[in-house]
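# Examining the three-dimensional arrangement
The lines below spell out each chain.
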Amino acid sequence: MVGNGENYEYGPHRVAIPPAKPFFKGLKSSLKETFFPDDPFRQFKNQSCLRRLVLGLQYFVPIVEWAPRYTFEFFKADLIAGVTIASLAVPQGISYANLANLPPILGLYSSFVPPLVYAMLGSSRDLAVGTVAVGSLLLASMLGKEISPTENPKLYVQLAITATFFAGVFQTALGLLRLGFVVDFLSHATIVGFMSGAATVVCLQQLKGVLGLVHFTHQTDIMSVIHSIFSQLHQWRWESGVLGVCFVFFLIVTKYLSKRKKAFFWINALAPLTSVILGSVLVYLTHAEKHGVQVIGHLKKGLNPPSVSELAFGSPHLTLAIKTGIVIGIIGLAEGVAVGRSFAIFKNYHIDGNKEMIAFGMMNIAGSCTSCYLTAGPFSRSAVNFNAGCKTAVSNIVMATAVMITLLFLTPLFHYTPLVVLSTIIIVAMVGLIDYESAIHLWKVDKVDFMVCMGAYFGVVFASVEIGLIIAVTISMLRVLLFIARPRTSVLGNIPNSMIFRSTDQYPVANNVPGVLILHIDAPVYFANANYLRERISRWIYEEEDKLKSSGETSLHYVVLDLSSVGSIDTSGISMLEEIKRNTDRKGQKLVLANPRSEVIKKLDKSKFIEAIGQEWIYLTVGEAVAACNFMLHTCKPNVAADESNRQADENV
């Protein structure tokens, strides 16, 4: 039992003050912990120069590391997976380019060069690279506010390619500078709400293609889209609408069948290409293009033309391109890295987030120089790649080869592809991104996360994609600041028949120790929360004193602060502790510290706080601190202890 202090007679363990480190050595250690938590340099230790060169090449170009172990069995699996995702990449590439208000051929270009770059630099075995719906929507939304894709198509394409270049530069910089934690500010709740909102907006915008409308709003909010649809009732084309409903039904049925049995995954993978073929044949045979059904038209044959000269560095809209590039770069990273990590968990391997950022950045830089726009790791294509049994990133090379063949020989076959089919492909793909199950889960587990999710969703749907993203990030940042500025404090009690002390809220059976108030601080102590902690600790003391007075129990003599969760402290935090000590001394109470961490005890020592409080009042555990307090209470008269404390307080004054 703790009450009689019997364990104290053996003496407490002394809290050690770690030896001081030289300034630059300490700075080096802090920077290493911040930017290199995974210690990527450990593999270079005790290696020859040649070996270090090889290891460095393998680190930055992962294909050099796994290619020597590549087998024919792997190739057979990757060949099947690559051909399968190519059948999805072609219609999706054309559809998403159309969503971005770019020429459809750019969607095919973007499925050729970037996958080759990623296959060499990427660390995920399952990620299938290509254009993404949300990135395409963001591109159209942000550039379309200043540049019309119909009135000034050449400048619009140039700015899209330039934005892709800056997205790549930004992504590469984040990876090289080990700043991947920047993307972590997009929490899971933020991504769920943002993606769901963007998917909703994309689905609504595709009604333009389904209804055969020629003129449509460039705004992305739901009210503008609905107004644009219903203000043109007389221009709706029933032929296009009937085709749209039929193909949506076909795609949903194939999706349902593939979900019922995993062996039928190929049905869902081939459905978009099948829709394109059926739609093209139907339009060709019925001449539907003459009856209001819009078609893609001419697609230029040939591989990606160089586009370095198209980068609009001298344009007056350069700032817009940079801003757009940063935003779409962050979204592309957040989606791609999250998808890659998800599939890596299934196969029990690890991907390096910073290397992924470098790979994404380099493929977008290379893409911007070869007539491509933003590419990332779309979930739908990666899921098909995973289910098709891919073994390595060679599946991306196979896909790029298939797209290359399409560009060289097959593009004329897409002339009669109806735009309504592309719209239905996007609609069915986007419905899967509206993750209502995750939103329900967030509501059950964490209401604040649910608010973040809904803030992002409604911001995207009712305002714009950018505003939705800003709202979500702002709410997330406010939550982080709230956690920092308002850390949790709790009263600890003794679990019966043990030396264990836990929160009395979590463990109602925990007993308060007579004459001793034990408080636990659950966060680092900084200038942002020092004043709050001073007020909250003072309030705990007042409340304990009032409770003891009302119950007629013994008065409060000791305040024990459990600092085991306080990883660091600054000068404002130290000043707060000094003020708490003065207040307790004035009341005849004694402040006791338990389990201060390494950084905390070093700063308390340098600030002379240990000298002020006394080394004998700092303990290794809460149990030892309470045992010491009980020992003093049972061996000294309370008034003697109080007189001694008052005397020390007078000396301090």
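Residues numbered from 1 in each chain as written. Predicted model: local features only at pLDDT ≥ 70, side-chain atom pairs only at ≥ 80, totals over all residues. Heavy atoms only, no water.

### Some remarks on the pairing of strand β1 (residues 489-494)
Burial analysis of β1 places 6 of its 6 residues in the buried class, the great majority of the element. Here β1 shows two buried faces, one formed by Thr 489, Val 491 and Gly 493 and the other by Ser 490, Leu 492 and Asn 494. With 3 bridges joining them, β1 and strand β3 (residues 516-521) adopt antiparallel strand pairing. Residue pairing across strands places Val 491 opposite Leu 519, the latter belonging to β3. Pairing of β1 with strand β2 (residues 501-503), which is carried by 3 bridges, proceeds in the antiparallel orientation. When the bridges of β2 are listed, Leu 492 appears paired with Ser 503. A loop of 6 residues connects β1 with β2, the two strands running antiparallel in sequence, and Asn 497 in this loop sits at a positive phi of about 60°. (Buried < 20%, exposed > 50% of the residue type's maximum accessible area, 1.4 Å probe, protein only. Helix = DSSP H or I, 4+ residues; strand = E, 2+ residues; numbered from the N terminus. Pairing = 2+ DSSP bridges.)

### Things to note about the nonpolar core
Proteins that are soluble and globular tend to have nonpolar side chains buried together. One finds Ile 94, Leu 102, Leu 138, Leu 139, Phe 194, Tyr 373 and Met 430 to be the most contacted residues of the largest nonpolar core, which totals 114 residues. Counting residues per element, this core draws most heavily on helix α8 (residues 153-176), which supplies 11 residues. With 47 residues, the next largest nonpolar core counts Val 491, Val 516, Leu 533 and Ala 594 among its residues. (Core = buried A, V, L, I, M, F, W, Y, C linked by side-chain atoms within 4.5 Å.)

### Some thoughts on the pairing of β3
Within β3, 6 of the 6 residues are buried, which leaves the element mostly enclosed by the surrounding structure. Burial along β3 is two-sided: Val 516, Ile 518 and His 520 facing one way and Leu 517, Leu 519 and Ile 521 facing the other are all buried. Taken together, the 5 bridges between β3 and strand β4 (residues 558-562) define a ladder with parallel strand orientation. Looking at β4, one finds that Ile 518 is bridged to Val 560. The handedness of the β3 to β4 crossover, carried by helix α22 (residues 527-551), is right-handed. (Right-handed = clockwise from strand over helix to strand, strands pointing away.)

### Quick word on the state of the cysteines
Summed over all chains, the structure comprises 0 disulfides. In this structure Cys 246 is not part of a disulfide, and its nearest cysteine sulfur, from Cys 203, lies 18 Å away. Take Cys 246: its relative accessible area is 46%, and that puts it in the partly exposed class. (Disulfide = S-S within 2.5 Å.)

### Structural notes on the sheet that holds β1
Paired through their backbone hydrogen bonds, the strands of a sheet run either parallel or antiparallel. One open sheet holds the 6 strands; their spatial order is β2-β1-β3-β4-β5-β6, and the pairing between them is mixed. Looking at the sheet topology across the chains shown, the edges are occupied by β2 and β6 (618-619). Its contacts with the sheet place helix α23 (residues 571-586) against β4 and β5 (590-594), and it is angled at close to 140° to β5. Here helix α26 (residues 622-635) sits on the sheet in contact with β2, β3, β4, β5 and β6, set at roughly 170° to β4. (Contact = heavy atoms within 4.5 Å. Axes fitted to C-alpha atoms, helices over the stretch in contact; angles between N-to-C directions.)

### Some words on the layout of surface pockets
Put simply, the second largest pocket is a space of about 920 Å³. Only α4 (72-99), α5 (104-109), α7 (133-144), α8, α10 (207-211) and α18 (419-431) provide two or more residues apiece to the lining of the second largest pocket. Partitioning the lining of the second largest pocket into residue classes produces 19 nonpolar, 15 polar and 3 charged. (1 Å grid on protein atoms, 1.4 Å probe; cavity = no way out; pocket = protein on both sides within 12 Å on 5 of 7 lines; lining within 4 Å. Points joined across faces, edges and corners; volume = space filled by probe spheres on them. Nonpolar A, V, L, I, M, F, W, Y, C, P; charged D, E, K, R; others polar.)

### Examining the UniProt feature "domain: STAS" (unreviewed entry) in the protein
The positions that UniProt labels "domain: STAS" (unreviewed entry) are, in the present scheme, residues 506-629. Split by type, residues 506-629 is 51% helix and 15% strand. Its first and last C-alpha atoms lie 24 Å apart. (UniProt positions renumbered as here; feature names shortened; annotations may be inferred.)

### Considerations on the domain arrangement of the protein
Annotation of the protein at the domain level lists domain 1 (71-481) and domain 2 (487-635). Using only C-alpha atoms to locate each centre, domain 1 and domain 2 end up separated by 55 Å. (Domains from an automatic or database assignment.)

### Quick look at unusual backbone geometry
One non-glycine residue, Asn 348, lies in positive phi territory at about 60°. Along the chain, Asn 348 turns up in the loop between α14 (318-347) and α15 (353-368). Positive phi, close to 55°, is recorded for Asn 595, a residue that is not glycine. Its place among the elements puts Asn 595 in the loop between β5 and α24 (598-606).

### Section: a positive patch on the surface
A contiguous patch of positive charge, built from Lys 21, Lys 25, Lys 28 and Lys 32, is present on the exposed surface. Within the secondary structure, Lys 21 sits in the segment before α1 (23-35). (Patch = residues over 30% accessible without salt bridge, like charges linked within 9 Å, V, L, I, M, F, W, Y side chains within 5 Å. Areas by Shrake-Rupley, 256 points an atom, 1.4 Å probe, with all protein chains shown as cover. Salt bridge = Lys/Arg side-chain N within 4 Å of Asp/Glu carboxyl O. Lys, Arg positive; Asp, Glu negative; His and termini not counted. Charge placed at Lys NZ, Arg CZ, Asp CG, Glu CD.)

### Notes on the packing of α8 against α15
The description of two helices packed together rests on the angle between their axes and the distance between the axes. At a minimum axis separation of 7 Å, α8 and α15 run at an interaxial angle of 155°. It follows that α8 is roughly antiparallel to α15 by the angle criterion. Between α8 and α15 the crossing geometry is left-handed. Across the interface between the two elements, Ile 161, Thr 164, Phe 165, Gly 168, Val 169, Gln 171, Thr 172, Leu 174, Gly 175 and Leu 176 of α8 pack against Asn 354, Met 357, Ile 358, Phe 360, Gly 361, Met 362, Asn 364, Ile 365 and Ser 368 of α15. Taken together, the residues of the contact of α8 with α15 sort by class into 10 nonpolar, 9 polar and no charged. (Parallel < 35°, antiparallel > 145°, perpendicular 65-115°, else oblique. Left-handed = near helix turned anticlockwise from the far one by under 90°.)

### Topic: the pattern of salt bridges
Opposite charge on two side chains permits pairing when their charged atoms draw close. Considering all chains together, one arrives at 13 salt bridges under this definition. A salt bridge links Arg 479 to Asp 449, with the nearest nitrogen and oxygen atoms 2.6 Å apart. Linking Arg 479 in helix α21 (residues 465-485) with Asp 449 in helix α20 (residues 447-462), this pair joins segments that are 30 residues apart in sequence. Beyond isolated ion pairs, a larger network of salt bridges with shared partners links Asp 446, Asp 449 and Arg 479.

### Topic: the packing of α7 against α14
As a packed pair, α7 and α14 sit with axes 10 Å apart at the nearest point and diverge in direction by 160°. Taken together, the axes of α7 and α14 are roughly antiparallel relative to one another. Crossing angle aside, the handedness with which α7 passes α14 is right-handed. Residue-level inspection shows Val 134, Gly 135, Leu 138, Leu 139, Met 142 and Leu 143 of α7 in contact with α14, the latter providing Leu 320, Lys 323, Thr 324, Val 327, Ile 328 and Ile 331. For the contact of α7 with α14, the per-class residue count stands at 9 nonpolar, 2 polar and 1 charged.

### Side note on the environment of Ile 618
Residue position: Ile 618 is located in strand β6. Counting along the chain gives 551 residues from Ile 618 to Ala 67, while the straight-line C-alpha distance between them is 58 Å. Among all residues touching Ile 618, those that are not within four sequence positions of it are Val 15, Leu 593, Pro 596, Ile 601, Ile 610 and Ile 613.

### Things to note about the environment of Val 509
Checked against the element boundaries, Val 509 lands in the loop between β2 and β3. For Val 509, a relative accessible area of 53% translates into the label exposed. Each C-alpha atom of the pair Val 509 and Ile 440 lies 34 Å from the other, and the pair is 69 residues apart in sequence. The residues contacting Val 509, other than those within four sequence positions of it, are Asn 494 and Pro 496.

### Looking at α26
Under the 1.5 Å per step criterion, the end-to-end length of α26 is 20 Å for 14 residues, consistent within 8% with the ideal 20 Å. Taken residue by residue, α26 has Val 622, Gly 623, Glu 624, Ala 625, Val 626, Ala 627, Ala 628, Cys 629 and Asn 630 as its buried positions. Among the structural elements, β2, β3, β4, β5 and β6 are those in contact with the buried residues of α26. (Expected span 1.5 Å × (residues − 1).)

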